[in-house]
Amino acid sequence: MRIVQTQERFPLSSVKPLDGLVKYRQQCLTATRDALAGGATIRRTRSLVSGRALESAGAVEGLAYGRCPETGSVFLVELPPPEGWKRLLADVSALRRSRETFHFELAQSRTDNVYAPKLEWIRETLRLQGLRQARALEVLTAPGSFTELLKDSGMFTEVLTADEMELAHGLAAPGQQDTVQAVVLLESLDRVDDPTALLQGVAGRLEEGGLLFVTALVSSGFDMSVLGLRNLYLYPPDRANCFSLQGLSKLLSQEGFTLLEVSTPGVLDVEIVRAHLQRDPTLPLSAFERQLVEANDDMQAAFQAFLQQWGLSSFTRIVARRGTVMA
Amino acid sequence: MNCLIFGYGYMGKLRAQVLRQHPGVRTITIVDPALATAPAGLEARVLPASAPVPWDEFDAAFICTPNNVTADLCVEALRRCGRVFCEKPPGRHWEDFCRIQDAAGSVAGATLVFGFNHRLHPSIEAAKALIGEGGLGDILYIKGTYGKSGGVRYRENWRNKREISGGGILLDQGIHMLDLLHLFLGELTVVDAVLADSFWGCGVEDNAFVLLRSERGVPAFLHSSATLWKHTFRIEIGCRDGYVVATGLLTKSGSYGREQLVIGRRQFEDQALALGNPREEIIHFDRDESWEREVYEFLAAAKEGRPAAHGTLEDARRVMQVIRDVYALEERRLTLRSAR
């Protein structure tokens, strides 16, 4: 298995500025509450990884999260039924593509700093694994910003898409069952109601030996660990699930995937904590944590590199192979 | 398969461990003069070293012995069994290697693999995938350093006694780096070399500096050493559009450091803020399957009656030819010096 460390540098303001996020986040929270108010709900009482009873992790503006005692992963406790959750994800996805959110204003910058490195990551992994002339499946709630880039990249002979909720719940129409050699899940496991079922759906479409690309925000990373549920980047439905790195790795292994890369190449952990501190100077940080986030640029860069090197950043990317590596 | 291991030292033990995990291996038998009974915890039979080997009982043989008996055993195993995995080096010198080569050539359908596992290390495989059409372009040069510190029992080790080993650190450890240089560059010729027995005084080189050139004119440099007080494995490959630097090796002791590959892309000042300091990516590796993979490949090739994908006779010829030429160059220098 490998861990990749990068020297990518870009400011928080160029990809997901805290001020811009707050408005979008409120819209997401309101939409989630509306979806929950619509009728019956499903209560998740057990960890999606270990099956153990969830402990209370607190709440994000009244929406309770539970923590897996074994892995430290956190999960939104109450969800609407699958059809309601599917509608909610569709609404939020449309919102991200509207002119109302920072995603639209920063479209080019996000392409350069968020999506281009992901394309390069996939391209390099395909080279390392000797996978050529492959067909890929991107699993998402459409519309997504990455699909066209993936198609234009020329890396794959064909790029298919599948709705993440339909794939998780076995609702794909006949004729949409073609198998592929690569599957891309960009933060999809963070937002679907049943990540285990989604991985089982993925396994059904991915050929034995095929590659799975996963990105996610993880609770074990620096800014998530320091800020906990105060982290404004944690909110439903986008982050209904926030696995720890250990939890996500375990989930993938349990579902029959062999991990080839487990990296946390995030570059914004320290800046995210600093942005939260600027917004709320009374945040209960230790003196040591304050020293870290108030340090000069060189020390921050060195600390961020350390987080990357040892799997301690909050942004993770994983490459897994369906099945086992060695015969 | 029923496997026979000659020699139960460090490498013999390692091979036995791998064979135990292989689903196609039925029995393991060991021949080692220092071993009277099966080692604790290992399901294996031990044959007395003096007894004749019942070759008909075995499907594959592993030669994990000191260099002075490698060629004899390898030749016999090729003739009697036909499927042989031989540790590096393939004999003490070129003549030993030629005997093995002749024997392999005289046995139709023989499977012969040499233990050059370094080319299966993850950093090396990743480097190989990225060079050339992988994005970094053609190779401009390679520099390789591989060395260890020796240790308090260094002088007592058979590896440093010329009559047993045939040579010093270049033949023992540098051979792996030479194999990697061939992996990346193909056939190499010796441009110059300097050998020194500068610290250990064993009568074999404890440092070798070798300058090589590929058939396409690409230069390569190797430093193989037994006086690197900090254990070092480092191969630096400069390419037209970038570079890779593989350092560290996943070993049991971890003394060579964390295995990693640095990847940099060429960026001039029109693409980057600072000239000569490109953005790098570092891949850290935490799993080495090279031991398993080379043995599994050997057993698969033996079973299917096909040549193995790596560790071939041709790979062995290339490294032994360079080592022969380096030692000959040094010999000529010594002769000239004493004549003066």
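Here is what the cut-offs are and how they apply
Residues numbered from 1 in each chain as written. Chains lettered and ligands numbered in written order. Predicted model: local features only at pLDDT ≥ 70, side-chain atom pairs only at ≥ 80, totals over all residues. Heavy atoms only, no water. Helix = DSSP H or I, 4+ residues; strand = E, 2+ residues; numbered from the N terminus. Buried < 20%, exposed > 50% of the residue type's maximum accessible area, 1.4 Å probe, protein only. Contact = heavy atoms within 4.5 Å. Lys, Arg positive; Asp, Glu negative; His and termini not counted. Charge placed at Lys NZ, Arg CZ, Asp CG, Glu CD. Buried area = accessible area lost by both parts, 1.4 Å probe. Salt bridge = Lys/Arg side-chain N within 4 Å of Asp/Glu carboxyl O. Nonpolar A, V, L, I, M, F, W, Y, C, P; charged D, E, K, R; others polar. Pairing = 2+ DSSP bridges. Patch = residues over 30% accessible without salt bridge, like charges linked within 9 Å, V, L, I, M, F, W, Y side chains within 5 Å. Areas by Shrake-Rupley, 256 points an atom, 1.4 Å probe, with all protein chains shown as cover. Axes fitted to C-alpha atoms, helices over the stretch in contact; angles between N-to-C directions. Right-handed = clockwise from strand over helix to strand, strands pointing away. Parallel < 35°, antiparallel > 145°, perpendicular 65-115°, else oblique. Left-handed = near helix turned anticlockwise from the far one by under 90°. 1 Å grid on protein atoms, 1.4 Å probe; cavity = no way out; pocket = protein on both sides within 12 Å on 5 of 7 lines; lining within 4 Å. Points joined across faces, edges and corners; volume = space filled by probe spheres on them. Phe/Tyr/Trp six-rings, centres within 6.5 Å; stacked < 30°, edge-to-face > 60°. Core = buried A, V, L, I, M, F, W, Y, C linked by side-chain atoms within 4.5 Å.

Undergrad: Quick question: what am I supposed to make of the overall build of chain B here?
TA: Assigned secondary structure in chain B consists of 8 helices and 14 strands. Seen through its principal axes, chain B has C-alpha atoms that stretch 70 × 55 × 40 Å. The 340 residues of chain B split such that 55% are buried. For chain B, contacts bridging at least 24 residues in sequence account for 68% of all contacts bridging at least 6. Averaging the positions of the 41 positive and the 43 negative side-chain charges in chain B gives two centres separated by 2 Å.

Undergrad: What should I look at first to understand the interface of chain A and chain B in this one?
TA: By a frequent convention, interface size equals the accessible area lost on bringing the separate parts together. Taken residue by residue, the interface counts 20 residues in chain A and 23 residues in chain B. For the pair chain A and chain B, the summed buried area comes to about 1,900 Å², and 50% of that belongs to carbon and sulfur atoms. Taken together, the connections running from chain A to chain B amount to 2 salt bridges. Across the salt bridge formed by Glu124(A) and Arg265(B), the nearest N and O atoms sit 2.8 Å from each other. If you list the elements that add at least two residues to the side of chain A that touches chain B, you get β1 (2–6), α4 (107–128) and β12 (257–263) of chain A. Tallying contributions element by element places β1(A) first for the side of chain A that touches chain B, with 5 residues. Among the residues making up the side of chain A that touches chain B, the classes are represented as 9 nonpolar, 5 polar and 6 charged. In this sheet, strand β14 (residues 280–285) of chain B lies alongside β1(A) in antiparallel orientation, the contact comprising 5 bridges. Bridge pairing in β14(B) links Ile3(A) to His284(B).

Undergrad: Even after reading the chapter, I still don't get a nonpolar patch on the surface, so can you show me in this structure?
TA: All names here are of chain A. A contiguous nonpolar patch, built from Phe 306, Trp 310 and Leu 312 and spanning about 290 Å² of accessible area, is present on the exposed surface. In this fold, Leu 312 is placed in the loop between α12 (297–309) and β13 (315–322). With a relative accessible area of 33%, Leu 312 lands in the partly exposed category.

Undergrad: What am I meant to see in the sheet that holds strand β4 (residues 63–67) of chain A here?
TA: In a beta sheet, neighbouring strands are held together by backbone hydrogen bonds and run either parallel or antiparallel to one another. Residue and element names in this part refer to chain A. Read from one edge of the open sheet, 4 strands run β3-β4-β5-β11, paired in antiparallel fashion. Across the chains shown, the open sheet's two edge strands, defined by having one partner strand only, are β3 (55–60) and β11 (241–242). By the bridge criterion, 2 bridges tie strand β5 (residues 74–76) to β11 in an arrangement that is antiparallel. Counterpart to Val 74 in the pairing with β11 is Cys 242. Against the sheet, helix α1 (residues 18–37) contacts β3 and β4, and its axis sits at roughly 90° relative to β4.

Undergrad: Can you help me understand the pairing of strand β5 (residues 83–86) of chain B in this one?
TA: It is a general feature of regular strands that their side chains alternate between the two faces of the sheet. All names here are of chain B. Pairing geometry for strand β4 (residues 60–63) and β5, over 3 bridges, is parallel. Bridged to Ile 63 within β5 is Cys 86. Note that the unit made of β4, helix α2 (residues 67–80) and β5 has a crossover that is right-handed. Of the strand pairs in this sheet, β5 and strand β6 (residues 111–114) are connected by 4 bridges, and their pairing is parallel. Along β6, the bridge assignment pairs Arg 83 with Thr 111. As for the winding sense of the linkage, the β-α-β connection from β5 through helix α3 (residues 94–106) to β6 is right-handed.

Undergrad: Is there a simple way to explain the packing of helix α6 (residues 169–185) of chain B against helix α8 (residues 313–339) of chain B in this structure?
TA: Angle between the axes and distance between the axes: these two values describe a pair of packed helices. All names here are of chain B. It is the contact of α6 with α8, at a shortest axis distance of 9 Å, that shows an interaxial angle of 120°. As judged from the angle between their axes, α6 and α8 are oblique. Handedness of the crossing formed by α6 with α8: right-handed. Two secondary-structure elements touch here, α6 through Leu 170, Leu 171, Ile 175, Leu 178, Asp 179 and His 182 and α8 through Asp 315, Arg 318, Val 319, Met 320, Val 322, Ile 323, Val 326 and Tyr 327. The residue makeup of the contact of α6 with α8, split by class, is 10 nonpolar, 1 polar and 3 charged.

Undergrad: How do you make sense of the layout of surface pockets when you look at a structure like this?
TA: To locate leftover empty space, one rolls a probe as large as a water molecule over the atoms. Residue and element names in this part refer to chain B. In this structure, the second largest pocket spans a volume of roughly 1,300 Å³. In terms of lining, the second largest pocket is formed by 45 residues, of which the most central are Tyr 10, Met 11, Lys 148, Arg 159 and Trp 291. Of all the secondary structure elements, the ones that give two or more residues to the lining of the second largest pocket are α1 (10–21), α6 and α7 (290–304). Broken down by element, the lining of the second largest pocket gets its largest block of residues, 7 residues, from α1.

Undergrad: Quick question: what am I supposed to make of the packing of aromatic side chains here?
TA: Describing an aromatic ring pair means giving the distance of the ring centres and the angle of the ring planes. Residue and element names in this part refer to chain B. Applying the stated criterion across every chain, the model contains 17 aromatic pairs over all chains. Geometrically, the ring pair formed by Phe 6 and Trp 55 is tilted, given 5.9 Å between the ring centres and 40° between the ring planes. Taken together, the positions of Phe 6 in strand β1 (residues 2–6) and Trp 55 in the loop between β3 (45–47) and β4 put the pair 49 residues apart, joining distant regions of the chain. In this structure Phe 6 comes out as buried when scored by relative accessible area, which is 5%.

Undergrad: Before we go on, may I ask you to explain the nonpolar core in this structure?
TA: Within the largest apolar cluster, 106 residues are counted, with the highest numbers of intra-cluster contacts made by Ile122(A), Phe156(A), Leu185(A) and Leu212(A). Residues contacting Ile122(A), with those up to four places away along its chain left out, are Phe146(A), Leu150(A), Met155(A), Phe156(A), Val184(A) and Phe213(A). By size, the runner-up hydrophobic cluster in this structure holds 77 residues, among which are Leu47(B), Leu180(B), Ala208(B) and Val322(B).

Undergrad: Before we go on, may I ask you to explain empty space enclosed by the protein in this structure?
TA: All names here are of chain B. Evaluation of the coordinates by the stated rule reveals 1 cavity of 30 Å³ or more. Computed from the structure, the largest cavity encloses a volume of approximately 50 Å³. Asn 67, Pro 89, Trp 158, Arg 159, Ser 165, Gly 167, Gly 168, Leu 171 and Asp 172 are the residues that line the largest cavity. Here the lining of the largest cavity is composed, by residue class, of 3 nonpolar, 4 polar and 2 charged.

Function-wise, these values are silent; they only describe arrangement.
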